[in-house]
Amino acid sequence: MAKQFFNYLVIGGGSGGIASARRAALLQPSLKIAVIEKSRPGGTCVNVGCVPKKVMFMTAAVNEALHDAKDYGFEIAKKNQFDWAMLKEKRDAYVKRLNGIYKNNLAKDNITYIEGAATFTGPHTVSVDGVEYEGEHILIAVGGTPTLPNIPGAEMCDTSDQFFEWETLPEKVLVVGAGYIAVEIAGILHNLGVDTTLVARRGAILRTFDEDVAKNLMNEMSDAGQKVQYHTTPDAIEKAEDGTFTFKGTVREPEQEPKQITLEGFEKVLFAIGRHPLTETLGLDKAGVDMDNRGHILVDEYQQTSAERVYAVGDVCGKALLTPVAIAAGRHLSHRLFNKEADRKLDYKNIPTVVFSHPPIGTIGLTQAEAEEKYGAENIKIYQSKFTNMYFAMTTRKPKTYMKLICKLPEEQIVGLHVVGLGADEMLQGFSVAVVSGATKKQFDSTVAIHPTSAEEFVTMNWGLSV
């Protein structure tokens, strides 16, 4: 059987791959384009990532609001009854609807959708279930998958993928990890009333974020009763006779002898310790595509791999593992390949990031440590503020909002903007435009505040005192 030829062959039907394919079709409708996907369209984000995670974050936020209701004069007649099964059914139906929308959009753009796993058989040919396809240009956008540790009993545990398969809400859960996925899932469970323990290998969570941001979130989690076991590495997971899980680990606190710890009685143990790329079965050696020692595809600033006319975007590259990054990189690539924009590429310098923790985090630009290393501590100025959001003026609980601006002297250009608190997730996008545009503290000061909001603190912080 003759090979089927495509001008643009995309391996991976996630956000990055589909975005690139659709943009190519928009720029040159005459192109023959195909997307190959072995699972459901939409990739990690739609199926087991951003979308269902945000549904669960909002679910937990609703429960928080219900607890605050009495402080606003509302009497809740009986104990809140939460129907996990109903929510899961509605959430899964929403995801399935999005799967259909992705497929329909590809069809509308005359893009061929091929179901199955692709393996390279040559520099520009792949095989899917015995059928060979040839691509003039090939994009690899297969994403990644959660990693389990190499310890006894790990095979009995769940990852963030399985979290969305849970049919019932467990009463007691152990979450292992200190990155944003672990923090988000632990926060969701805790705020849904689950007895949740988060285990972190070091003495802090979110270690790649600004230190003050991480500390403020840690304080808020502690004040909310969230249990965190720091300085602890997992050694084994065991299953007890009653079906619950036991965690065995080693605590290594600074300047102290290591000690063993046992935590018992968990219905679920979930690891969120990192992700690895789905490159093992692609046969990349046959295409001449180089990888690093973790399996990430090596690309240059234009998403070009070591193989001619073969490219990669998204998590498979191991850099800035965020859905909008993959989408943006894929679209820029299509403009470069199919719209004669030779210099078109994604700027990875200022990428806004939100952690859907409780409370949420919004951040863009450099951390204080990064700014000091890049410019020198004497060449930066820090503005920061901590206050109680007006929503909590009426409530018993009093979580704080923390804001931080990192400015480069002498012009006080804002090179880092960070916020922890209610609404941080929604306010960050607009401020990101300002940071990307090179805004200064003086320009923030000259912007009239919207009152009363939390966001106004960014434009009134130490007002008039900037250079």
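The structure contained in this document is the topic of the report that follows.

Calculation criteria
- Residues numbered from 1 in each chain as written.
- Predicted model: local features only at pLDDT ≥ 70, side-chain atom pairs only at ≥ 80, totals over all residues.
- Heavy atoms only, no water.
- Phe/Tyr/Trp six-rings, centres within 6.5 Å; stacked < 30°, edge-to-face > 60°.
- Buried < 20%, exposed > 50% of the residue type's maximum accessible area, 1.4 Å probe, protein only.
- Lys NZ or Arg CZ within 6 Å of the ring centre and 35° of its normal.
- Helix = DSSP H or I, 4+ residues; strand = E, 2+ residues; numbered from the N terminus.
- Right-handed = clockwise from strand over helix to strand, strands pointing away.
- Pairing = 2+ DSSP bridges.
- Axes fitted to C-alpha atoms, helices over the stretch in contact; angles between N-to-C directions.
- Salt bridge = Lys/Arg side-chain N within 4 Å of Asp/Glu carboxyl O.
- 1 Å grid on protein atoms, 1.4 Å probe; cavity = no way out; pocket = protein on both sides within 12 Å on 5 of 7 lines; lining within 4 Å.
- Points joined across faces, edges and corners; volume = space filled by probe spheres on them.
- Nonpolar A, V, L, I, M, F, W, Y, C, P; charged D, E, K, R; others polar.

**Thoughts on the packing of aromatic side chains**
Phase 1 of the analysis: Summed over the entire model, instances satisfying the criterion amount to 11 aromatic pairs.
Phase 2 of the analysis: A ring pair is formed by Phe163 and Trp166, whose centres lie 5.1 Å apart and whose planes are at 75°; its orientation type is edge-to-face. Accessibility classification places Phe163 together with Trp166 in one group, the buried group.
Phase 3 of the analysis: Just above the ring of Tyr383 sits the side chain of Lys441; from NZ or CZ to the centre is 4.6 Å.

**Considerations on the pairing of strand 9 (residues 195–199)**
Phase 1 of the analysis: Burial within strand 9 is extensive, with four of its five residues counted as buried.
Phase 2 of the analysis: The parallel pair strand 8 (residues 172–176) and strand 9 is bridged by helix 6 (residues 180–191), and the resulting crossover is right-handed.
Phase 3 of the analysis: Pairing of strand 9 with strand 10 (residues 227–229) involves three bridges; the strand directions are parallel. In the sheet register, Leu198 faces strand 10, and the bridge partner there is Val228.
Phase 4 of the analysis: With helix 7 (residues 211–223) bridging strand 9 and its parallel neighbour strand 10, the resulting β-α-β unit is right-handed.

**Describing the environment of Gln256**
Phase 1 of the analysis: By the secondary structure assignment, Gln256 is in the loop between strand 12 (245–251) and strand 13 (259–266).
Phase 2 of the analysis: For the pair Gln256 and Ser15, spaced 241 residues apart in sequence, the C-alpha separation works out to 46 Å.

**Things to note about the sheet that holds strand 10**
Phase 1 of the analysis: With parallel pairing, four strands are arranged side by side in an open sheet as 10-9-8-14. Only two strands of the sheet have a single neighbouring strand rather than two, namely strand 10 and strand 14 (268–271). Adjacent strand axes in the sheet meet at a mean angle of 20° when their direction is disregarded.

**Some words on the pattern of salt bridges**
Side chains that differ in sign of charge can pair as their charged atoms come close.
Phase 1 of the analysis: Enumeration over the complete set of coordinates arrives at 19 salt bridges.
Phase 2 of the analysis: The salt bridge partner of Lys345 is Glu301, with a shortest N-O separation of 2.3 Å. Of this pair, Lys345 sits in the loop between helix 9 (323–338) and strand 17 (353–355) while Glu301 sits in the loop between helix 8 (284–287) and strand 16 (310–312), and the two are 44 residues apart along the sequence.
Phase 3 of the analysis: Residue Glu301 is classed as partly exposed on the basis of its relative accessible area of 46%.
Phase 4 of the analysis: Put simply, Glu341 and Arg344 hold a salt bridge, and the shortest N to O gap is 2.7 Å.

**Details of the layout of surface pockets**
Empty space left among the atoms is revealed by rolling a probe the size of a water molecule over them.
Phase 1 of the analysis: Roughly 720 Å³ of internal volume is contained in the second largest pocket.
Phase 2 of the analysis: Every residue lining the second largest pocket is counted, 34 residues in all, and those nearest its centre are Glu64, Asn191, His358, Phe392 and Arg397.
Phase 3 of the analysis: Listing elements by their share of the lining of the second largest pocket, those giving two or more residues are helix 3 (50–68), helix 6, helix 7, strand 20 (400–408) and helix 11 (424–436).
Phase 4 of the analysis: The element best represented in the lining of the second largest pocket is helix 3, accounting for seven residues.
Phase 5 of the analysis: Looking at the lining of the second largest pocket residue by residue, the classes come out as 12 nonpolar, 13 polar and nine charged.

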